[in-house]
Amino acid sequence: MAAPRLPVLFLLLALLVVACRGEASGEGPRGRKVLVLVDDLAVRSSHSAFFGSLQARGLDLEFRLADDPKLSLHRYGQYLYDGLVLFAPSTPRFGGSVDQNAVLEFIDAGHDMILAADSSASDLIRGIATECGVDFDEDPEAMVIDHINYASTEVEGDHTLIAGDDLIESDVILGSKKIDAPVLFRGIGHAANPSNSLVLKVLSASPSAYSANPKTKLASPPSLTGSAISLVSVMQARNNARVLISGSLDLFSNRFLKSSVKKAGSKLSHEKAGNEQFVTETSKWVFHERGHLKAVNVKHHKIGETNEPSMYRINDDLEYSVEIYEWSGTSWKPYVADDVQVQFYMMSPYVLKNMSTDKKGVYSSSFKVPDVYGVFQFKVEYQKLGYTGLSLAKQIPVRPYRHNEYERFITSAYPYYAASFSTMGAFFIFSIAYLYHK
Amino acid sequence: MPKAAGDAKLLIQSLSKAYAATPTNLKIIDLYVVFAVATAVVQVVYMGVVGSFPFNSFLSGVLSCIGTAVLAVCLRIQVNKDNKEFKDLAPERAFADFVLCNLVLHLVIMNFLG
Amino acid sequence: MAAASAATTSALEPLLRSLRLKTKQQELLLRVSALALIYVLAFAVRLFSVLRYESMIHEFDPYFNYRTTLYLTEHGYGEFWNWFDSESWYPLGRVVGGTLFPGLMVTAALLHRLLHALSLAVHIREVCVLTAPFFAANTTLVAYAFGREIWDSGAGLVAAALIAVCPGYISRSVAGSYDNEGVAIFALLLTFYLFVRAVNTGSLAWALASAFGYFYMVSAWGGYVFIINLLPLYVLVLLVTGRYSQRLYVAYNCMYILGMLLGMQIRFVGFQHVQSGEHMAAMGVFFLLQVFFFLDWVKYMLNDVKLFKSFLRITLTCVITVGTLALGIGTASGYISPWTGRFYSLLDPTYAKDHIPIIASVSEHQPTAWSSFMFDFHILLFLFPAGLYFCFKRLSDATIFIVMYGLTSMYFAGVMVRLILVAAPAVCLISAIAVSATMKNLTTLIRTKSKSPQTTSGKATGSKAAAKGAVDQPLPFQHNVAIALLLGAFYLLSRYAIHCTWVTSEAYSSPSIVLSARGHNGGRVIFDDYREAYYWLRQNTPTDAKIMSWWDYGYQITAMGNRTVIVDNNTWNNTHIATVGRAMSSYEDEAYEIMQSLDVNYVLVVFGGVTGYSSDDINKFLWMVRIGGGVFPVIKEPDYLVNGEYRVDKGASHKMLNCLMYKLCYYRFGELTTEYGKPPGYDRVRGVEIGNKDVKLEYLEEAFTTSNWIVRIYKVKPPKNRS
């Protein structure tokens, strides 16, 4: 009995290893170490509620002054942090080895960032924002002013404290619970670069807003007006790095989070501004606690078989399946949608089909290989607002029939067979007759 | 046209008269050739009716007949005693060549048929 | 070389005489040893390339042949037959098994297996390298037999000697030139020889043998079309000149039917024998022969002129009507495909230039210059007409054949450079007749006048004057003149031998994948940039990377770099090539979109501006523009020219200076000083300072440039991360 037991033991061991791996993959898509750069350590306390909510969700925050000379994002080729919170709007240059390019490379390496500016935003911050597809108003004195949708707690009356409620309609970015209270905002406005298709305006200004210096008289028409002004934008890069850019640092402050709000001209007064919910939900999105999809176990095989072939033949029937999961913040949950499509693609999609799901994460579809040979690709291009993009491509050649796969013994060809054989027979008869005639 | 018809009649008559004098072994060959040509014609007609889909089968069917016929005619030329051109070619040798060619023909046809 | 072997054999002679062999045996021994020497010579002279460089595959197409042969030896014939290659013509792929002539690969694989069976563990590459010389040596044997068949064994020996070293043939059969032509010329000559033999004997067995020769030819090279058109033409000429015989009937019919059937077994050729316009002549002549034979038979049976005439009238009208109807219906219904472009361009040399740039762009499809005739044939060019004269003087079925072969192939050689190859055997044979015949005349002259010990076993040479001198007017000094002429002939032949050796060693042994040049101090400089680049690709790029380059380099990239290419030398899809041409001649951003749609990862260009290597992509660029513009009218040739002039310096057009090809070739070139005393960015091929020295690349980045800048590889950047 010992002999069979040993393999069983190995099997168990192997299973254990697999299980451990499985658990490892149960971790979230992103690490939890976040660097917070501030230009004044007072920000740490004035924005403690926001930081507190981050820490409460398990993020490991490291606070540094932006001009700390020992500042470094990576060491020995490894990034030290998984995310960056840039709450240092006025810093002219970072300390240590960090500069604008280092921050951009950090993003291009697949890390996330929250950037907040205000009216004192430096060229450095503006430069980073521009590279992320967002242009702050070039006038350094300008702020967003709105004479209709301002928050009426404001008494002074330059109407720069905005009560914004033009939020993007996306449960993924803002959470499923609707944000009822307006979001307080005081800062500079920006516009999304029209050539950049990755930027989304999360909080837009109302049509009556404009961007100008509140202290002087309006000399010329403001360059940014109306709902073209974005107050808070997000950008999800092609490598799924997420960046949130806000024109107001105060938006995250304890004062705004706790304050009550009443929109001018509105009777409804809210106990608490929408800021807390807004910053919590958007930061969840930025740090990939929501809306992160992963696709695993891409499989394809001929119907009736299980092994994946290295090549298909024209007119084969095949089945393609992929498992898609969504990170819920704590675990990977099956992603359920009815709009995931698979393409069988060679220069153009020959097959384009909706995949059906079993609600446990598995999406599958079966179709017939077209009657064309070549190098095809299975492509799943799933780009849904707020979610990370899924872009799966798997190359697979499709060959024509082999010489022995064509139809044989075709009925309509029987006379030809008969003729060939009859001449053959005739040849034998003839030979015999010819040789023995006499 | 009656003149032409008369000509044709005369033609056939004199032809058959002349043909009667042919030796038997040549007659056997002629019969064989006629059979092959007839089979070929039947196949072509059939192809005209059902279309040329299994084209390789059609070709091999027809070509096997034509090939057979042509080879037989070659044999007939070579073994014809009246023919001065092939005096120094023994009929046995001619027949052996003929068999060889036929073997090749039919082997290729078999390969091409399916 | 002919002279050399002649000298050797005549030196042997006293020795032989002392052995008191009978004349017949002597002659046989002489002939065999001469042939053996020629055989060895033909093989050895083609090994220059191995000595000069190394045992490697040459040029472009041979790399594909080598790759397929490798596949064949590794996977067996069944897999080879059905091979679908996903590494070329991305993303279309290529059904290799159905789109190549397998003769060459199968031959090499069989040789390889044979050697292994003899327990000689040779790598398949060596077999491939030596296949062409081996077959060239075999061709000399066939030439000997052919010469004997049409003239006498002396002419055969001379023909074998001439063809062994004929530069026109050597150019395609040096060691390493592993191409279809290498075996095809052997097959071509063999088929012709066997056919002429069949016509001469009227035997079915020879006709069958020639059908097999034809089968081998079909399996090896597309040039078989020449055979299938020359033979019916020959039959037709014999019919018209009243030389019809029943031997001809037997030979042609057996050869046609069996040859056609065998030829159909090659997948690439398939039904073309009954469907394509190029093969219709043969079929027409086949039917014509049947009718002719039938009439002949009836005439023989009837023995009556008047009756036969009326019979003739009836049958002829019937046959002509049926024939024209069949041809008309066939062509109109598209069942018989029209002639292909290549065929047209043979009949009308200007056709390709106007209609098919892709054919016209290949240098070996250009019309032949006189100098290359001279270069490839040397004295044979003058002996050829003399040989024709002798053939006409002694007209027979066989000499008519060789005359027709000679004349048609000479015409084709004039139309396309590469077809000099087809003409070479005919020219050698006809020249050999001239040489042999004059020699014979001269030596008989010498013999009759004096008992000179000079003998001929049939090698030597001559000129037209000698031929005329041989006519029997007893002139004074005839003897001395004959000797002088004989010496002159020997001198000419030795010049030929020297010329051939020189041409072979200097011009035709270059593998073109390794370049060599003379350095300042006269030493040889080797540029091995191509292989450097291909090995870089092999080792530094992902295995599924797609490489875009102009089609010339496709085969080499797949064979040596083992990477997928977009287009290659098998130019079957004009649109795909035009797409690449379009990308190369567009601005970078437009090109980027095209490259994205083709999943291109790397772009490879060949640039000779540093070394002075003139067949680079900038010089080929106008063809890319033309081919691209032929399919995509947005590309217009005048945009790249200035006043009809092609230039790359400051005066070049804006589009030229900023198109992808220009940028990739001249990227960073503006900083480089190539020649002492010239400004930086001096292009040594065009001899100008380039016009755009500040080349900036936005969507591509330089990945690798070989040590002499001949091959430059660029990586296509992925789309920008943040926009």
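Residues numbered from 1 in each chain as written. Chains lettered and ligands numbered in written order. Predicted model: local features only at pLDDT ≥ 70, side-chain atom pairs only at ≥ 80, totals over all residues.

Attention now moves to the overall build of chain B. Summing up its helical and strand segments, chain B has four helices and zero strands in all. The order of helices and strands in chain B, counted from the N terminus, is α-α-α-α. Its C-alpha atoms give chain B a radius of gyration of 18 Å, more than 25% over the compact-globule value 13 Å for 114 residues. Expressed along its principal axes, the backbone C-alpha trace of chain B runs to roughly 45 × 45 × 20 Å. (Helix = DSSP H or I, 4+ residues; strand = E, 2+ residues; numbered from the N terminus. Rg over C-alpha atoms; globule rule 2.2 N^0.38 Å.)

Contacts between the two partners involve 29 residues from chain B and, on the opposite side, 26 residues from chain C. Secondary structure elements with two or more residues in the side of chain B that touches chain C: helix H1 (2-20), helix H3 (55-79) and helix H4 (91-113) of chain B. Of the residues in the side of chain B that touches chain C, the class split is 22 nonpolar, four polar and three charged. (Contact = placed C-beta atoms within 7 Å. Nonpolar A, V, L, I, M, F, W, Y, C, P; charged D, E, K, R; others polar.)

Here we come to the nonpolar core. Core analysis: the largest hydrophobic core is formed by 275 residues, its most contacted members being Ala159, Met217, Cys254, Met255 and Cys428 of chain C. A per-element tally of this core places helix H22 (residues 420-449) of chain C first, with 18 residues. Ignoring anything within four residues of it in the chain, the contact list for Met217 of chain C reads Ala184, Ala187, Leu188, Thr191, Tyr224 and Ile227 of chain C. Membership of the second largest hydrophobic core comes to 83 residues, among which are Tyr81, Ala88, Leu115 and Phe185 of chain A. (Core = buried A, V, L, I, M, F, W, Y, C linked by C-beta atoms within 7 Å. Buried ≥ 20, exposed ≤ 12 C-beta atoms within 10 Å, placed from the backbone.)

Residue and element names in this part refer to chain A. Direction of pairing for strand S21 (residues 317-327) relative to strand S26 (residues 362-368): antiparallel, over a ladder of seven bridges. Bridge assignment links Val322 to a residue of S26, and that residue is Tyr363. Relative to S26, strand S25 (residues 356-357) runs antiparallel, the two being bridged by two bridges. Among the inter-strand pairings, Thr357 is bridged to a residue of S26, identified as Tyr363. In sequence, S25 turns back onto S26 through a hairpin of four residues, with Lys359 there showing a positive phi of about 65°. (Pairing = 2+ DSSP bridges.)

Residues and elements named next belong to chain B. Mapped onto this numbering, the UniProt entry annotates "transmembrane region" (unreviewed entry) at residues 31-49, 55-75 and 95-113. For residues 55-75, the end-to-end C-alpha separation is 29 Å, with 100% helix and 0% strand making up the annotated structure. This span, residues 95-113, is 100% helix and 0% strand, and a straight line between its end C-alpha atoms measures 26 Å. (UniProt positions renumbered as here; feature names shortened; annotations may be inferred.)

Attention shifts here to the packing of helix H10 (residues 204-220) of chain C against helix H12 (residues 246-263) of chain C. Residues and elements named next belong to chain C. Interhelical geometry of H10 versus H12 gives an angle of 35° and a closest axis separation of 8 Å. The handedness of the crossing between H10 and H12 is right-handed. Between H10, through Leu204, Ala207, Leu208, Ser210, Ala211, Tyr214, Phe215 and Val218, and H12, the contact on the second element is made entirely by Val250, Ala251, Cys254, Met255, Leu258, Gly259, Leu262 and Gly263. Its residues assigned to classes, the contact of H10 with H12 comprises 13 nonpolar, three polar and no charged. (Axes fitted to C-alpha atoms, helices over the stretch in contact; angles between N-to-C directions. Left-handed = near helix turned anticlockwise from the far one by under 90°.)

This next bit is on the UniProt feature "transmembrane region" (unreviewed entry) in chain A. UniProt records the feature "transmembrane region" (unreviewed entry) at residues 414-436 of chain A, using the numbering of this structure. Across residues 414-436 of chain A one finds 100% helix and 0% strand; the C-alpha atoms that close the span lie 33 Å apart.

The five strands lie next to each other as S20-S28-S27-S23-S24 (chain A), forming an open sheet whose pairing is mixed. Among the strands making up the open sheet, the edge pair consists of strand S20 (312-313) and strand S24 (348-354) of chain A.

Residues and elements named next belong to chain A. For chain A, the assigned domains read domain 1 (29-286), domain 2 (293-399) and domain 3 (409-438). Centre-to-centre, using C-alpha coordinates, domain 1 lies 38 Å away from domain 2. The interface of domain 1 with domain 2 comprises six residues on the first partner and eight residues on the second. Of the residues in the side of domain 1 that touches domain 2, the class split is three nonpolar, two polar and one charged. (Domains from an automatic or database assignment.)

Residue and element names in this part refer to chain A. Per-chain confidence: chain A averages 86 in pLDDT, with 93% of residues scoring 70 or above. Of all helices and strands in chain A, the one with the weakest mean pLDDT is helix H1 (residues 2-25) (45), whereas strand S16 (residues 242-246) scores best (94). Across residues 11-25, confidence stays below pLDDT 50; counting only partners more than four residues off in sequence or on other chains, it has zero contacts. (pLDDT = per-residue confidence, 0-100.)

Right, let's talk about the interface of chain A and chain B for a bit. In this complex, chain A contributes 19 residues to the contact, which on the side of chain B involves 25 residues. Within the side of chain A that touches chain B, the residues separate by chemical class into 12 nonpolar, six polar and one charged.

Once that is clear, we can look at helix H27 (residues 574-585) of chain C. The first and last C-alpha atoms of H27 of chain C sit 16 Å apart over 12 residues, in line with the 16 Å expected at 1.5 Å per residue. Residues of H27 of chain C that are buried include every one of His576, Ile577, Ala578, Thr579, Val580, Gly581, Arg582, Ala583, Met584 and Ser585 of chain C, and no others. (Expected span 1.5 Å × (residues − 1).)

In this section: unusual backbone geometry. Working note: non-glycine residues mostly have negative phi, and peptide bonds are mostly trans. Residue and element names in this part refer to chain C. Cis geometry is found at the peptide bond from Tyr90 to Pro91, where omega equals -5°. Looking at where Pro91 falls in the secondary structure, it is placed in the loop between strand S1 (84-85) and strand S2 (94-95). A positive phi angle is found at Trp89, which is not glycine, with a value near 55°. Mapping Trp89 onto the fold places it in the loop between S1 and S2. On the basis of neighbour count, Trp89 is assigned to the buried category, with 24 C-beta atoms found within 10 Å. Phi at Asn562 is positive, roughly 55°, even though this residue is not glycine. Structurally, Asn562 can be placed in the loop between helix H26 (554-561) and strand S6 (564-565).

Right, let's get into the sheet that holds strand S5 (residues 546-548) of chain C. Residues and elements named next belong to chain C. The five strands lie next to each other as S6-S5-S7-S11-S10, forming an open sheet whose pairing is mixed. Because the sheet does not close on itself, it has two edges, and the strands there are S6 and strand S10 (700-705). Packing against the sheet, helix H25 (residues 529-540) makes contact with S5, S10 and strand S11 (711-716), and its axis sits at approximately 25° to S11.

What follows deals with helix H28 (residues 588-597) of chain C. Residues and elements named next belong to chain C. Looking at H28, one finds that the buried residues are Ala591, Tyr592 and Met595. Burial along H28 is one-sided: seen end-on, the buried residues are contained in an arc of 110°. Opposite the buried face of H28, by more than 90 degrees, sit the exposed residues Asp589 and Glu593. On its buried face, H28 sits against S5, H27, helix H31 (660-666) and S11. Remark: Asp599 follows H28 within two positions and exhibits a positive phi of approximately 60°. (Arc of directions from axis to C-beta.)

Residue and element names in this part refer to chain C. Put simply, helix H9 (residues 180-201) and helix H21 (residues 397-415) touch, their axes get as near as 9 Å, and they point 150° apart. Taken together, the axis directions place H9 and H21 in an arrangement best described as roughly antiparallel. In the packing of H9 onto H21, the handedness of the crossing is right-handed. Counting all contacts with H9, which are made through Phe192, Val196, Val199 and Asn200, the residues of H21 involved are Asp397, Ala398, Phe401 and Tyr405. In terms of residue class, the contact of H9 with H21 is made up of six nonpolar, one polar and one charged. (Parallel < 35°, antiparallel > 145°, perpendicular 65-115°, else oblique.)

In this section: the environment of Gly284 of chain C. All names here are of chain C. Locating Gly284 in the fold gives a position in helix H14 (residues 280-302). Residue classification places Gly284 among the partly exposed residues on the basis of 15 C-beta atoms within 10 Å. In this structure, the C-alpha to C-alpha distance between Gly284 and Gly323, residues 39 residues apart in sequence, is 8.4 Å.

Turning next to the environment of Leu51 of chain C. For Leu51 of chain C, the position within the fold is in helix H3 (residues 48-52). On the basis of neighbour count, Leu51 of chain C is assigned to the exposed category, with 11 C-beta atoms found within 10 Å.

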